[in-house]
Amino acid sequence: MMNELLRALKLLKEKQWVDLTHTFGPESPHFSAFDGATFKTLFSHDDGFFAQSFTFAGQYGTHLDAPIHFVRGKRYLDEIELKELVLPLVVIDKSKEAEENNDYSLSVEDILQFEAEHGEIEEGTFVALRTDWSKRWPDVEAFNNKDADGQNHAPGWSLAALQFLFEERKIKAVGHETFDTDASLDYQKNGALLGEYYVLEQDTYQVELLTNLDQLPPKGAIIVNIVPKPEKASGFPVRSFAILP
């Protein structure tokens, strides 16, 4: 006999599921301060079984940043509750703006325009910023998008927009397609990742280097973030996916 839970699972399995996670490897784009990943074969099938070792920074590939990543005294990855990792999903599409201006920074006005069209952003949601930056993956040069002076140019969130979402709309978490929360130009102006610090200061998490946001509706989907549980970790690669309404 099918109980309420099994019926809910059957319903979920009938929906479309979208992988929001890049496949990553030693040659993938990564934050410039980190070494590239190394994948090493420890045993092959000739030895009886296939096993590998993997070396990479916690913030590698599509990954989840725990609050401790930037803020002393906040939670480690293993302290994030399971129910925090499954949330209603809102996607704000600024892909055209980011294409025209690679340094585009999401504003409060952008959020209000989104809400005028799609309704107010509900409390406890995960808000993702779609810029289509993920389409540059796995081209390292295109993803870094450096100018002649070696400065990166990539879009992001303004601090004011993040403050509005967390303080006025009481959202739970954010995600984006780039290495950083802040637009590159904001980082260069401020000399710090103020937006990233602010998000993690809320004692919540964010997911970076998301992909396939172009396959999602503005509202109505849910996001699931499956992440390993290393002890006292600041972050780790995540398997994020969305279930469409």
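Anyway, here's the lowdown on the structure attached to this text. Note that the structure is predicted; figures quoted are calculated from it, not measured.

This part covers the environment of tryptophan 17. Along the chain, tryptophan 17 falls in strand β1 (residues 17-19). Note on tryptophan 17: relative accessible area 39%, which makes it partly exposed. Residues tryptophan 17 and alanine 221, spaced 204 residues apart in sequence, show a C-alpha to C-alpha distance of 9.6 Å. Apart from residues no more than four positions distant in its own chain, tryptophan 17 is found in contact with Leu12, Phe241, Ala242 and Ile243. Separated by 2.7 Å, the side chain of tryptophan 17 and the backbone oxygen of leucine 12 make a polar contact.

What follows covers the layout of surface pockets. Volume-wise, the largest pocket comes out at about 370 Å³. Taken together, 19 residues make up the lining of the largest pocket; nearest its centre are Phe31, Asn152, Asp180, Ser184 and Tyr187. Of all the secondary structure elements, the ones that give two or more residues to the lining of the largest pocket are α4 (140-144) and α6 (184-190). At three residues, α6 tops the list of elements feeding residues into the lining of the largest pocket.

Here we take up the sheet that holds strand β12 (residues 235-237). With respect to topology, nine strands assemble into an open sheet ordered β1-β13-β11-β5-β7-β9-β10-β4-β12, the strand pairing being mixed. The open sheet has two edge strands with one neighbour each: β1 and β12. When strand polarity is set aside, the average angle formed by the axes of neighbouring strands in this sheet is 25 degrees.

Before going further, it helps to examine the pattern of salt bridges. Summed over the entire model, instances satisfying the criterion amount to 14 salt bridges. Note that lysine 10 and glutamate 14 form a salt bridge whose closest N and O atoms lie 2.9 Å from each other. Taken together, the residues lysine 10 and glutamate 14, both in helix α1 (residues 4-14) and four residues apart, mark about one turn of the helix. Judged by its relative accessible area of 44%, lysine 10 is partly exposed. One salt-bridge network, held together by shared partners, links Arg75, Glu84, Lys172 and Asp203.

Criteria and thresholds
- Residues numbered from 1 in each chain as written.
- Predicted model: local features only at pLDDT ≥ 70, side-chain atom pairs only at ≥ 80, totals over all residues.
- Heavy atoms only, no water.
- Helix = DSSP H or I, 4+ residues; strand = E, 2+ residues; numbered from the N terminus.
- Buried < 20%, exposed > 50% of the residue type's maximum accessible area, 1.4 Å probe, protein only.
- Contact = heavy atoms within 4.5 Å.
- Polar contact = N/O pair within 3.5 Å; in protein donor to acceptor, adjacent residues only side chain to side chain.
- 1 Å grid on protein atoms, 1.4 Å probe; cavity = no way out; pocket = protein on both sides within 12 Å on 5 of 7 lines; lining within 4 Å.
- Points joined across faces, edges and corners; volume = space filled by probe spheres on them.
- Pairing = 2+ DSSP bridges.
- Axes fitted to C-alpha atoms, helices over the stretch in contact; angles between N-to-C directions.
- Salt bridge = Lys/Arg side-chain N within 4 Å of Asp/Glu carboxyl O.

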